[in-house]
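# Breakdown of the fold
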Amino acid sequence: MGTKTVLLLLVGVLGAYYVYTPIPDSFEEPWRFMWMATQIKTVTNLAVFAEQLGISHFMDIGMLYMSSQEVPPTSDENVTVMETTFNNVLVRVYIPNRKSEALRRAWFNTDILSRRTANRLDAVVISTNYRLAPKYHFPIQFEDVYNSLKWFLRQDILEKYGVDPKRIGISGDSAGGNLAAAVSQQVINDPDVKIKLKTQSLIYPALQTLDMNLPSFQENSHFPTLPKSLMVRFWSEYFTTDRTLEEAMFFNQHVPEKSSHLFQFVNWSSLLPENFKKGHFYNSPTHGSSELANKYPGFIDVRAAPLLSDDSKLHGLPLTYVITCQYDVLRDDGIMYVSRLQNAGVRVTHNHIEDGFHGALSYYGFKIAYRIEDQYLSWLSKNL
Ligand SMILES: *[C@@H]1O[C@H](CO)[C@@H](O)[C@H](O)[C@H]1NC(C)=O
Ligand SMILES: *[C@@H]1O[C@H](CO)[C@@H](O)[C@H](O)[C@H]1NC(C)=O
């Protein structure tokens, strides 16, 4: 064999190794999934590389990628789309064009389905454009969503948009699910807000910062749509660009002794059903120094980690819909929240997707995205 052939062979083998992702048998479109996983891997690797070269911050590459997917507010035959501000926070409002006899329901969201939901549910949809890391850290994101929601939940504003004050829901996916859960908890205890939410829907939400070694983190640690290393990076960037927090979180050594009472709220040994605990042994996370928590108290704040609220704060929450995916490091965050809400007497519908993976709803063109969207919007249609 000539040198060229050997080189070609080598490139082929390395290429196949790079593209190859072990995929569960239950996935209905394995090749499509593998192709998408390769794209994610490539963007992540480029971001890491650009950061190491000092060209750009890791999170900025992600933002660049996101903004390349963004579309300007465009109205169509069914829906009028406009941008405005609620309490100085930029929001996008989707209003169905068809005539409505009655007041409409409203859906306050931080996810991707705005246009189709406005049309299918005949609802006014508000999508908040909260400010992002690495430039802005917690609690800016929380406050943006909270302030705009509070602005919306006023009689005069609802009248302006023709919205029924008894039919307002909130929702979000992933980081958006975190924000939706966090503001729902705050709004029920806010004496200034008289109009309450009817539903909250949390799509594979991130809900806790304490235990990065849950069974779902262990099982999906290298799963391509959201590996543990990326999730830990996202969490730590929410609070600071200081990478020492990331490192401590990765090894579960970030929670100070004085906060150990919080471990009961993320105790998977008591909060997960048996089938999700199989093959795992519970060890309480180890303690870290109190220095990180003093510098970045956000990571033990319930507005960042809604699973850390005690039962009294969960008690009055609205009807809840939670989607979790089997192949997702965040799976157990969602399942534990379902358990905690049920224990606190909140009505919950839990939709666990056996062949689901993190982000599944936003991968357009995938059969699984349409299936989940359909289940989700049917639930909203019936319950909001
Ligand atoms: C408008 O709504 C109709 C009926 O739901 C649908 O068939 C059509 O595709 C929609 N148009 C756009 C641009 O989405
Ligand atoms: C977690 O739950 C298990 C089983 O219910 C219990 O034995 C353990 O003490 C709990 N640990 C913490 C830190 O709450």
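This part is about the site of ligand 2. Lining the immediate environment of ligand 2, one finds Phe263, Gln264, Asn267, Ser269, Ser270, Tyr282 and Ser284. In the model, an oxygen atom of ligand 2 is placed 2.3 Å from a nitrogen or oxygen of the Asn267 side chain. In the complex, 47% of the free accessible area of ligand 2, which totals 360 Å², lies under the protein chains. Here the residues of the shell around ligand 2 are counted per class, giving 2 nonpolar, 5 polar and no charged.

Looking now at a nonpolar patch on the surface. A cluster of nonpolar residues, Phe49, Leu53 and Ile55, forms a patch on the protein surface that exposes about 350 Å² of accessible area. For Ile55, the position within the fold is in the loop between helix 2 (30–52) and helix 3 (58–69).

Our next topic: the domain arrangement of the chain. When cut into domains, the chain gives domain 1 (29–70) and domain 2 (79–384). Distance from the C-alpha centre of domain 1 to the C-alpha centre of domain 2: 23 Å. With 13 residues of domain 1 at the contact, the number on the domain 2 side is 18 residues. Taking both sides of the interface into account, the surface hidden between domain 1 and domain 2 amounts to around 1400 Å²; carbon and sulfur atoms contribute 74%. Counting across the interface, domain 1 meets domain 2 through 2 salt bridges. Applying the counting criterion to the domain 1 and domain 2 interface returns 4 residue pairs in polar contact (both at pLDDT 80 or more).

In this section: the layout of surface pockets. In this structure, the second largest pocket spans a volume of roughly 490 Å³. What lines the second largest pocket is a set of 22 residues, among which Lys41, Thr44, His222, Pro227 and Ser229 lie closest to the centre. Mapped onto the lining of the second largest pocket, the elements with two or more residues apiece are helix 2, helix 9 (228–239) and helix 10 (243–250). It is helix 2 that contributes the most residues to the lining of the second largest pocket, 6 residues altogether. Its residues assigned to classes, the lining of the second largest pocket shows 10 nonpolar, 6 polar and 6 charged.

Our focus in this paragraph is empty space enclosed by the protein. Taken as a whole, this structure holds 1 cavity of 30 Å³ or more when the rule is applied. Of the voids in this model, the largest cavity is the one considered here, and its volume is about 60 Å³. Lining the largest cavity are Phe27, Glu28, Glu29, Phe33, Asp355, Phe357, Phe366, Ile368 and Arg371. Of all the secondary-structure elements, those providing two or more residues to the lining of the largest cavity are strand 10 (348–357) and helix 16 (367–383). Taken together, the residues that form the lining of the largest cavity break down as 5 nonpolar, no polar and 4 charged.

About the cut-offs
Once a new chain begins, its residue numbering starts again from 1 and follows that chain's sequence as written. Labels are handed out in written order, letters beginning with A for the chains and numbers beginning with 1 for the ligands. In keeping with the predicted nature of the model, local features appear solely for residues at pLDDT of at least 70, side-chain atom pairs appear and are counted solely at 80 or more, and the whole-chain, interface and lining totals rest on all residues. Water and hydrogen atoms were dropped before computing side-chain values, which therefore reflect all heavy atoms in the structure. Each residue is tested against the molecule or strand, and it is near if at least one of its non-hydrogen atoms lies within 4 Å. Polar contacts, as used here, are pairs of N or O atoms within 3.5 Å; protein pairs need one atom able to donate a hydrogen and one able to accept it. Residues neighboring in sequence count only if both atoms are side-chain atoms. Using the Shrake-Rupley algorithm and a 1.4 Å probe, accessible areas are obtained, with residue cover drawn only from the displayed protein chains. Residues were grouped as follows: Ala, Val, Leu, Ile, Met, Phe, Trp, Tyr, Cys and Pro as nonpolar; Asp, Glu, Lys and Arg as charged; and all remaining residues, including Gly, as polar. Only residues whose relative accessible area exceeds 30% and that form no salt bridge enter a patch; like-charged residues are grouped when within 9 Å of one another, and nonpolar side chains (Val, Leu, Ile, Met, Phe, Trp, Tyr) when within 5 Å. Take a side-chain nitrogen of Lys or Arg and a carboxyl oxygen of Asp or Glu: if they are within 4 Å of each other, that pair is a salt bridge. The secondary structure listing takes helices from DSSP runs of H or I that are at least 4 residues long and strands from runs of E that are at least 2 residues long, numbered from the N terminus. Either an automatic procedure or a domain database provided the assignment from which the domain bounds are taken. Any two residues whose heavy atoms approach within 4.5 Å are treated as being in contact. Defined in terms of a 1.4 Å probe, buried area is the accessible area two parts forfeit on being brought together, summed over both. Residues are called lining when one of their atoms sits within 4 Å of a cavity or pocket point, these points coming from a 1 Å grid over the protein atoms alone, where a cavity is a set in which a 1.4 Å probe fits but cannot get out and a pocket is an open set with protein on both sides within 12 Å along at least five of seven lines. Grid points are joined across faces, edges and corners, and a volume is the space filled by probe spheres set on the points.

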